[in-house]
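What follows is each chain in one-letter form.
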Amino acid sequence: MADELNNSYDVVVVGGGAAGLNGALMLARARRSVVVIDAGRPRNAPAEGVHGLLAREGMPPGELLEHGRAEVRGYGGQVVSGEVTGAVREDDGFTLELADGRTVRSRRLLVTTGLADKIPDIAGLRERWGHDVVHCPYCHGWEVRDQPIGVIANGPMAVHGALLFRQWSSDVTLFLHTMDAPSADDAERLAARGITVVTGAVDALEITADRISGVRMADGTVLPRTVIAVGPQMVANSDLLGKLGVQTAEHPSGAGYYVPTDAMGRTEAPGVWAAGNVTDLSAQVGAAAAAGAFAAAQINADLVEEETLDAVEQYRRGFGSAEEAAVSERVLGDRRHGL
């Protein structure tokens, strides 16, 4: 089920994952007109279940989102299928354009478009992604515990990732692939934890009976493994934000690129907030949902302030002299511009 898109809203939420839906829920409960525009490509779609989320442990991602959509609609919010491809700033807000030609106006924007996982171009890796190719020990570690795990290096966090997965299995191998040899300190740490280090490029994953059975090296050697872990380079889905003048920044960890915001979730573009993985690369579902709710509260407060200034302006215009009205107009104008 999807709702019909209206002409204008207090807030348009771009992205229908945990952050976007929870933000819309908060705004709908605040009696704001709000719509979620969802392109229908959730990052965690390949996963069998959501983990680390209290009272929803193991719930399939699609089922969790369907519950969220129903809750938003229960408070009068809308959820619309579509992809936002353009955004134009106007004096009183924004006009958004969808890929199918529809347009919608909004006073404020909450962007929760998530991120894209960039993984090495190794045969079998993408096909098994979210099943027996995993990326996060806190998301998948319990499910792959005590199995032979191969960690394929894909950036500066590879040694850290191998050491983390060692918590769930005593049989961990770090495949350097195209990465340089670890430092002497890192090599000692890996050896102390019994983690084998394999040099040379990985050619492909061996798949047997729809499961990983090993890792085939470029020289033809096959090393048995049943689980592969690879830390992706994570890149915020920021095309829409870029059109509004918001730039991404490289994450200090080297894990990818994110959209910076202030402590309130504001981006550098006035009237635009961001929440979830687009701004926090490592946020799990619970953290993303919490960030969406927090940003939504700040958006509502911002709208309340704007509406209060408008009300004061109207109130003062109804009383006092022309001179007093002129002074009030100037003061209110200064407040609008943060002076």
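Rules of the game
- Residues numbered from 1 in each chain as written.
- Predicted model: local features only at pLDDT ≥ 70, side-chain atom pairs only at ≥ 80, totals over all residues.
- Heavy atoms only, no water.
- UniProt positions renumbered as here; feature names shortened; annotations may be inferred.
- Helix = DSSP H or I, 4+ residues; strand = E, 2+ residues; numbered from the N terminus.
- Salt bridge = Lys/Arg side-chain N within 4 Å of Asp/Glu carboxyl O.
- Buried < 20%, exposed > 50% of the residue type's maximum accessible area, 1.4 Å probe, protein only.
- Domains from an automatic or database assignment.
- Contact = heavy atoms within 4.5 Å.
- Buried area = accessible area lost by both parts, 1.4 Å probe.
- Pairing = 2+ DSSP bridges.
- Axes fitted to C-alpha atoms, helices over the stretch in contact; angles between N-to-C directions.
- Phe/Tyr/Trp six-rings, centres within 6.5 Å; stacked < 30°, edge-to-face > 60°.
- Lys NZ or Arg CZ within 6 Å of the ring centre and 35° of its normal.
- Core = buried A, V, L, I, M, F, W, Y, C linked by side-chain atoms within 4.5 Å.

In the nomenclature of an unreviewed UniProt entry, the chain is known as NAD(P)/FAD-dependent oxidoreductase of Nocardia vermiculata. The UniProt entry for the chain carries the following text under Catalytic activity (unreviewed entry): "[thioredoxin]-dithiol + NADP(+) = [thioredoxin]-disulfide + NADPH + H(+)".

A.B. asks: Got a sec to walk through the UniProt feature "domain: FAD/NAD(P)-binding" (unreviewed entry) in the chain? Specific residues and values, please.
C.D. replies: If you check UniProt for "domain: FAD/NAD(P)-binding" (unreviewed entry), the listed places come out as residues 9-292 in our numbering. The span residues 9-292 shows a helical share of 21% and a strand share of 31%, and its end C-alpha atoms are spaced 18 Å apart.

A.B. asks: Report on the pattern of salt bridges, specifying residues and quantitative values.
C.D. replies: Using the criterion set out here, one finds 22 salt bridges in the structure. A salt bridge links E66 to R69, with the shortest nitrogen-to-oxygen separation between them at 2.9 Å. Pair noted here: E66 and R69 are both in helix α2 (residues 61-74), with a separation of three residues, about one helical turn. Put simply, E90 and R105 hold a salt bridge, and the shortest N to O gap is 2.2 Å. Of this pair, E90 sits in strand β4 (residues 84-90) while R105 sits in strand β6 (residues 103-111), and the two are 15 residues apart along the sequence. Residue class for E90 comes out partly exposed when judged on its relative accessible area of 31%. One connected set of salt bridges, linked through shared partners, spans D10, R32, R107, R108, R266, D302, E306 and E307.

A.B. asks: Please provide a residue-by-residue account of the domain arrangement of the chain, values included.
C.D. replies: Its domain assignment divides the chain into domain 1 (8-117 + 233-312) and domain 2 (120-230). A separation of 33 Å is found between the C-alpha centroids of domain 1 and domain 2. With ten residues of domain 1 at the contact, the number on the domain 2 side is 13 residues. Here domain 1 and domain 2 share an interface that buries about 900 Å² over both sides, 50% of which is from carbon and sulfur atoms.

A.B. asks: Talk me through the sheet that holds strand β9 (residues 149-152); I want residue IDs and the actual numbers.
C.D. replies: Two strands in a sheet stick together by hydrogen bonds in their backbones, pointing the same way (parallel) or opposite ways (antiparallel). The parallel open sheet is built from five strands, whose spatial order is β8-β15-β9-β10-β11. The open sheet is flanked by β8 (133-134) and β11 (196-198), the only strands paired with a single partner. Sheet analysis places β9 next to strand β10 (residues 172-175), joined by four bridges and oriented parallel. Bridged to I152 within β10 is F175. With respect to the sheet, helix α4 (residues 158-165) is in contact with β8, β9, β10 and β15 (227-230), its orientation differing from that of β10 by roughly 170 degrees.

A.B. asks: Before we move on, can you summarise the packing of aromatic side chains with the specific residues and values?
C.D. replies: With the rule as written, the count across this model stands at one aromatic pair. Positioned over the ring face of W129 is R126, at 5.8 Å from the centre of the ring. Sitting over the ring of W142, R145 keeps its end group 4.1 Å from the ring centre.

A.B. asks: An account of the nonpolar core is needed here, citing residue identities and associated values.
C.D. replies: Counting 25 residues, the largest nonpolar core has L5, V12, I37, L96, V104 and V272 as its most contacted members. Those elements that provide at least two residues to this core are β1 (8-14), β2 (34-38), β4, β5 (93-98), β6, α6 (239-243) and β19 (272-274). Not counting the four nearest positions on each side in its chain, V104 is found in contact with L5, N6, N7, S8, Y9, V12, I37, F94, T95, L96 and L98. Counting residues in hydrophobic clusters, the runner-up holds 19 residues, among them V11, V72, A275 and A296.

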